[in-house]
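# Structural characterization, general
Spelled out, the chains give:
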Amino acid sequence: MISGVAVSLLWMWIFNSDFGLLNYLLWKLFRIEGPAWIMNKHWVVPSLIMMSLWGIGGGIVIYLARLQGIPTELYEAAEIDGANGWQRLLHITIPMMTPVIFFNLIMGVINSFQVFTQAYVMMGGGPHNASLFYVLYLYRNAFKYFRMGYASALAWILFLMLLLLTLLVLKSASWWVYYESEQ
């Protein structure tokens, strides 16, 4: 549990074009001169995607907890019935994992619309507005330009978009999410 600002500062050092760790490793290992990761409008979003892999651990822990909760008797019975590894994966593991996949999907949809800290701390929306995400745009309008009414409307639009997407995922759950308690 590290602060988003502290993580952003760490990644600013890693992505620094002059003395950053990533460009140093690219040069030492492959003799490739790395780009100006967060100062180049073409590399900003790929840099943030690489950085987002840092936070994947929480979802992995949830997946691992669910994997450990799948009864081994199901695998044993399937093996006795002659199911191979792929069949056990498709007919036991994935159906038993669907509630967790469903949860992580909803959380991922919501979190993908709330990218703010990294873009604000590392780039401030630049270069050339390449990292100006919706929530950062909302923040600028509210607290930099003091257009509170417009920012409030943007916040309502964000809420309605997230509500709509979440309801779509919830509605689709009856087709693909399997719960053990349901018969």
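Remember, it's a predicted structure, so these values are computed and weren't measured experimentally.

## Thoughts on the packing of helix α5 (residues 72-80) against helix α6 (residues 85-112)
Taken N-terminus to C-terminus, the directions of α5 and α6 make an angle of 165 degrees; their axes are 10 Å apart at the nearest point. In this view, α5 runs roughly antiparallel relative to α6, as classed from their interaxial angle. The element α5 and its partner α6 pack so that their crossing is right-handed. When α5 is examined against α6, the residues Leu74, Tyr75, Ala78 and Glu79 are found in contact with a partner set consisting of Arg88, Ile92, Thr93 and Met96. Considered class by class, the residues forming the contact of α5 with α6 number five nonpolar, one polar and two charged.

## Overview of the packing of aromatic side chains
The final tally for this structure, using the stated rule, is 11 aromatic pairs. When the centroid spacing of 5.3 Å and the interplanar angle of 45 degrees are considered together, the rings of Tyr139 and Phe143 count as tilted. Placement of both Tyr139 and Phe143 in helix α8 (residues 134-144) is noted, with a separation of four residues, approximately one turn of the helix. The exposure class assigned to Tyr139 is partly exposed, which follows from its relative accessible area of 27%. Taken together through their ring pairs, the aromatic side chains of Trp11, Phe15, Trp37, Trp43 and Trp54 make up a single cluster.

## Details of the pattern of salt bridges
The tally for this structure, following the rule as stated, stands at one salt bridge. Residue Glu180 is joined to Arg66 by a salt bridge in which the shortest nitrogen-to-oxygen separation is 3.0 Å. In this pair, Glu180 sits in the segment after α9 (148-176) while Arg66 sits in helix α4 (residues 57-68), placing the two residues 114 residues apart along the sequence.

## A few points about the nonpolar core
Counting 12 residues, the largest nonpolar core consists of Val7, Trp11, Ile14, Phe15, Leu26, Trp37, Ile38, Val44, Leu48, Met51, Met122 and Met123. Counting only elements with at least two residues in this core, the list comes to α1 (4-15), α3 (44-52) and α7 (117-123). Sort the elements by how many residues they give to this core and α1 lands first, with four residues. Residues within four places of Met122 in sequence aside, it is in contact with Ser8, Trp11, Met12, Phe15, Ile38, Met51 and Thr117. Counting six residues, the second largest nonpolar core, distinct from the first, contains Ile70, Ile92, Met96 and Met97.

## Brief notes about the environment of Ile60
With respect to the secondary-structure elements, Ile60 resides in helix α4. Taking C-alpha positions, Ile60 is 19 Å from Val177, a pair spaced 117 residues apart along the chain.

## Section: the side chain of Thr98
Inspection of the secondary structure puts Thr98 in helix α6. A relative accessible area of 5% means that Thr98 is categorised as buried. With sequence-adjacent residues up to four places away left out, Thr98 is seen in contact with Trp176, Val177 and Tyr178.

## Structural notes on the environment of Ile70
Looking at where Ile70 falls in the secondary structure, it is placed in the loop between α4 and α5. Linking Ile70 and Ile106, residues 36 residues apart in sequence, is a C-alpha distance of 22 Å. If we skip the residues at most four places from it in the chain, Ile70 touches Tyr75, Ile92, Thr93, Met96 and Met97.

## Section: unusual backbone geometry
One can expect most non-glycine residues to show negative phi and most peptide bonds to be in trans. Following Gly126, the chain continues into Pro127 via a peptide bond in cis, with omega recorded as -10 degrees. Relative to the helices and strands, Pro127 resides in the loop between α7 and α8. Positive phi, normally seen in glycine, also occurs at Phe146, with a value near 55 degrees. The topology assignment puts Phe146 in the loop between α8 and α9. Residue class for Phe146 comes out exposed when judged on its relative accessible area of 60%.

The rules we used
- The numbers attached to residues start from 1 for each chain and follow its sequence in the written order.
- A pLDDT threshold of at least 70 governs which residues receive local features in this predicted model, and a stricter bar of 80 or more applies before side-chain atom pairs are shown or counted, although totals over entire chains, interfaces and linings include all residues.
- The basis for the side-chain values is all heavy atoms of the structure; hydrogens and waters are excluded.
- Helix axes are fitted to C-alpha atoms over the stretch in contact, other axes to C-alpha atoms as well, and angles between N-to-C directions run from 0 to 180 degrees.
- A helix here means a DSSP run of H or I that spans at least four residues, while a strand means a run of E at least two residues long, and both kinds are numbered starting from the N terminus.
- Note on angle classes: values under 35 degrees are labelled roughly parallel, values over 145 roughly antiparallel, values of 65 to 115 roughly perpendicular, and the remainder oblique.
- Each crossing is labelled by how the near helix is turned from the far one, with a counterclockwise turn of less than a right angle marking it left-handed and a clockwise turn marking it right-handed.
- Every residue pair with non-hydrogen atoms within 4.5 Å of one another is taken to be in contact.
- Residue polarity follows a fixed list, in which Ala, Val, Leu, Ile, Met, Phe, Trp, Tyr, Cys and Pro are nonpolar, Asp, Glu, Lys and Arg are charged, and the others, Gly among them, are polar.
- Only rings of Phe, Tyr and Trp enter the pairing, Trp through its six-membered ring, and a pair is recorded when the two centres are within 6.5 Å. The plane angle decides the type: under 30 degrees is stacked, over 60 is edge-to-face, the rest tilted.
- Relative accessibility thresholds used throughout: buried, under 20% of the residue-type maximum; exposed, over 50%; partly exposed, between the two (1.4 Å probe, protein chains only).
- Throughout this description, the term salt bridge denotes a Lys or Arg side-chain nitrogen within 4 Å of a carboxyl oxygen of Asp or Glu.
- The set of buried Ala, Val, Leu, Ile, Met, Phe, Trp, Tyr and Cys residues whose side-chain atoms join them within 4.5 Å is what this entry labels a nonpolar core.

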